[in-house]
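Below are the chains, spelled out letter by letter.
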Amino acid sequence: MATQKNPKNWRPRTLAVRGGQIRTPFQETAEALFLTSGYAYDGPEEPEARFKGEADGYTYSRYGNPTVAMFEARMAALEGAPVARATASGMAAVSSVFLSALRSGDHVVAARAMFGACRLVVEDILARFGITSTIVDGTDLDAWQKALTPATKMLFLETPANPTLAIADLRAIAEIADKAGARLVVDNAFASPALQRPMQFGAHIVVHSSTKYIDGQGRAMGGVILCREDFLAEHLQTFLRNTGPIISPFNAWLHLKSLETLDLRMRAHCENARAVADFLAEQKGVHRVLYPFRDDHPQVTLAKAQMDGGGGVVAFEIDGGKAEAFALERALKLIDISNNLGDAKSLITHPATTTHCKLTPEARAAVGVSDGMLRLAVGLEDPADLCDDLAEALRSMRK
Ligand SMILES: *Cc1c(COP(=O)(O)O)cnc(C)c1O
């Protein structure tokens, strides 16, 4: 079986289509889907050698699978990471990074604007194992610095953050982590490797929910961890192999094939999101629009320095509160009400009552999630139809 050569000079768009491909002797053009749990051997010596680690080859799909390996190799190539491991979901990726490497007595610093489940893992689950945490404003470099203790082992952030699209300074925070002898872990789900590669700025570990833009069509759950060889060897490998939060080969195959169009899709998401953001900013009844590449975003300069595009998500605040936000959602005819994102279909959600409902009102206010805020994950439809839908919904509310 031939592993495709990955010439070092292949550019990202070529890597997205061909990186990591393994062809069977049939020489199939599309990547093969290996739905198998086990592998057979020619004789008993072969498994002996593989189990001892003296021979290469698969032994069991909890340990490794060729379709999953292709997805991992392609993700590593796109992120510029030494190695990748795929997981069952984005949360399996996030929690495996923490639980594989941290122990009782360790400390984590995490940015406040964080995916709800990540915050629960950091503040509640890790705490049960004696791992403490400090939550900071991710945009405040002094706050990161001040939160460090001699026990700090990891810094965790998401940029752009959900749902306010706050941008954290990757290079500066990676330096803070380096000086403290800690690792910076970045959740890159909102940007995807097509728009942002945190390792270029010094991040030590990158995690993804491949459920989002990597799948891109709202079909299958998945996650990815990207890291260096030492982290894999010392922490992650043993943890993943023995606790088993692995991705199904079928989901890995879907996400692998989706990477072929990631760059094209992300450009279209960015273009559509920008058009919708600019449109919303002009509408009566909308008093604030947040989009990383708009000049009125508080960190537009930083966003442009570390991202190749503003992404597909727009947050906006309408006059009024929950009742008005719900009325707007109800009046939409094209855009679906859904808390997922990264789909070809445009999806809208009210963060205060969905993704951020577990936070206290004070905690929500601290991350900038108001009752009048809506998060719109702009899809791949014609942006003019999306603007028409929003305009009509806003108009119906004024009647
Ligand atoms: C969706 C999401 C996750 C969790 O991923 P799942 O695939 O749903 O487990 C984590 N972080 C961010 C930023 C996300 O959007």
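Parameters at a glance
Residues numbered from 1 in each chain as written. Predicted model: local features only at pLDDT ≥ 70, side-chain atom pairs only at ≥ 80, totals over all residues. Heavy atoms only, no water. Helix = DSSP H or I, 4+ residues; strand = E, 2+ residues; numbered from the N terminus. Rg over C-alpha atoms; globule rule 2.2 N^0.38 Å. Buried < 20%, exposed > 50% of the residue type's maximum accessible area, 1.4 Å probe, protein only. Contact = heavy atoms within 4.5 Å. Areas by Shrake-Rupley, 256 points an atom, 1.4 Å probe, with all protein chains shown as cover. Axes fitted to C-alpha atoms, helices over the stretch in contact; angles between N-to-C directions. Parallel < 35°, antiparallel > 145°, perpendicular 65-115°, else oblique. Left-handed = near helix turned anticlockwise from the far one by under 90°. Nonpolar A, V, L, I, M, F, W, Y, C, P; charged D, E, K, R; others polar. Polar contact = N/O pair within 3.5 Å; in protein donor to acceptor, adjacent residues only side chain to side chain. UniProt positions renumbered as here; feature names shortened; annotations may be inferred. Right-handed = clockwise from strand over helix to strand, strands pointing away. Pairing = 2+ DSSP bridges. Near = heavy atom within 4 Å.

### A few points about the overall build of the protein
And then number 1: Looking only at helices and strands, one finds 15 helices and 14 strands in the protein.
And then number 2: Computed over its C-alpha atoms, the radius of gyration of the protein comes to 22 Å, within 12% of the 21 Å expected for a compact globule of 399 residues.
And then number 3: Counting only C-alpha atoms, the protein reaches 80 × 50 × 35 Å along its principal axes.
And then number 4: Counting across all 399 residues of the protein, residues that qualify as buried make up 55%.
And then number 5: Contacts in the protein between residues far apart in sequence, at least 24 positions, make up 71% of those at least 6 positions apart.
And then number 6: As displayed, the protein has an accessible area near 17300 Å², and 52% of this comes from carbon and sulfur atoms.

### A few points about the packing of helix α11 (residues 262-281) against helix α15 (residues 383-398)
In a packed pair of helices, the relevant descriptors are the angle between the two axes and the axis-to-axis distance.
And then number 1: It is the contact of α11 with α15, at a shortest axis distance of 9 Å, that shows an interaxial angle of 30°. With respect to α15, the axis of α11 lies roughly parallel. For α11 against α15, the interelement crossing comes out right-handed. In contact with N272, A275, V276, F279 and L280 of α11, α15 contributes P383, L386, C387, L390, A391 and L394.
And then number 2: Counted by class, the contact of α11 with α15 contains ten nonpolar, one polar and no charged residues.

### Considerations on unusual backbone geometry
And then number 1: With omega at -5°, the peptide bond leading from T159 into P160 counts as cis.
And then number 2: Relative to the helices and strands, P160 resides in the loop between β6 (152-158) and α7 (170-180).
And then number 3: N162 connects to P163 through a cis peptide bond whose omega is -5°.
And then number 4: For P163, the location among the structural elements is in the loop between β6 and α7.
And then number 5: A positive phi is found at L165, a non-glycine position, where the angle reads about 65°.
And then number 6: In this structure, L165 sits in the loop between β6 and α7.
And then number 7: With phi around 70°, S192 is a residue other than glycine that occupies positive phi space.
And then number 8: Locating S192 in the fold gives a position in helix α8 (residues 192-195).
And then number 9: S192 gets classed as buried once you look at its relative accessible area, which sits at 1%.

### Here's the deal with the environment of T353
And then number 1: By secondary structure assignment, the location of T353 is in the loop between β13 (347-349) and α14 (361-367).
And then number 2: Ignoring anything within four residues of it in the chain, the contact list for T353 reads K322 and F326.
And then number 3: Of note is the side chain of T353, whose polar atom sits 2.7 Å from the side chain of H350.

### Considering the UniProt feature "modified residue: N6-(pyridoxal phosphate)lysine" (unreviewed entry) in the protein
And then number 1: Using the residue numbers shown here, the UniProt feature "modified residue: N6-(pyridoxal phosphate)lysine" (unreviewed entry) corresponds to K212.
And then number 2: The class for K212 is buried, based on a relative accessible area of 12%.
And then number 3: Look past the residues within four positions of K212 in its chain and what remains in contact with it is F115, N340, L341 and G342.

### Structural notes on the pairing of strand β4 (residues 107-111)
The two faces of a sheet get side chains in turn, since along a regular strand they alternate between them.
And then number 1: Most of β4 is tucked away: five of the five residues are buried.
And then number 2: Side-chain alternation along β4 places H107, V109 and A111 on one buried face and V108 and A110 on a second face that is also buried.
And then number 3: Once you follow β4 into helix α5 (residues 116-128) and on to strand β5 (residues 132-136), the crossover reads as right-handed.
And then number 4: Relative to β6, β4 runs parallel, the two sharing four bridges. When the bridges of β6 are listed, V109 appears paired with L155.

### What about the site of the ligand?
And then number 1: Close contacts around the ligand come from 13 residues, with G90, D187, S209, T211 and K212 the closest.
And then number 2: G90 has a polar backbone atom sitting 2.8 Å from an oxygen atom of the ligand.
And then number 3: Out of a free accessible area of 380 Å², the ligand has 93% covered by protein chains.
And then number 4: For the shell around the ligand, a count of residues per class yields five nonpolar, five polar and three charged.

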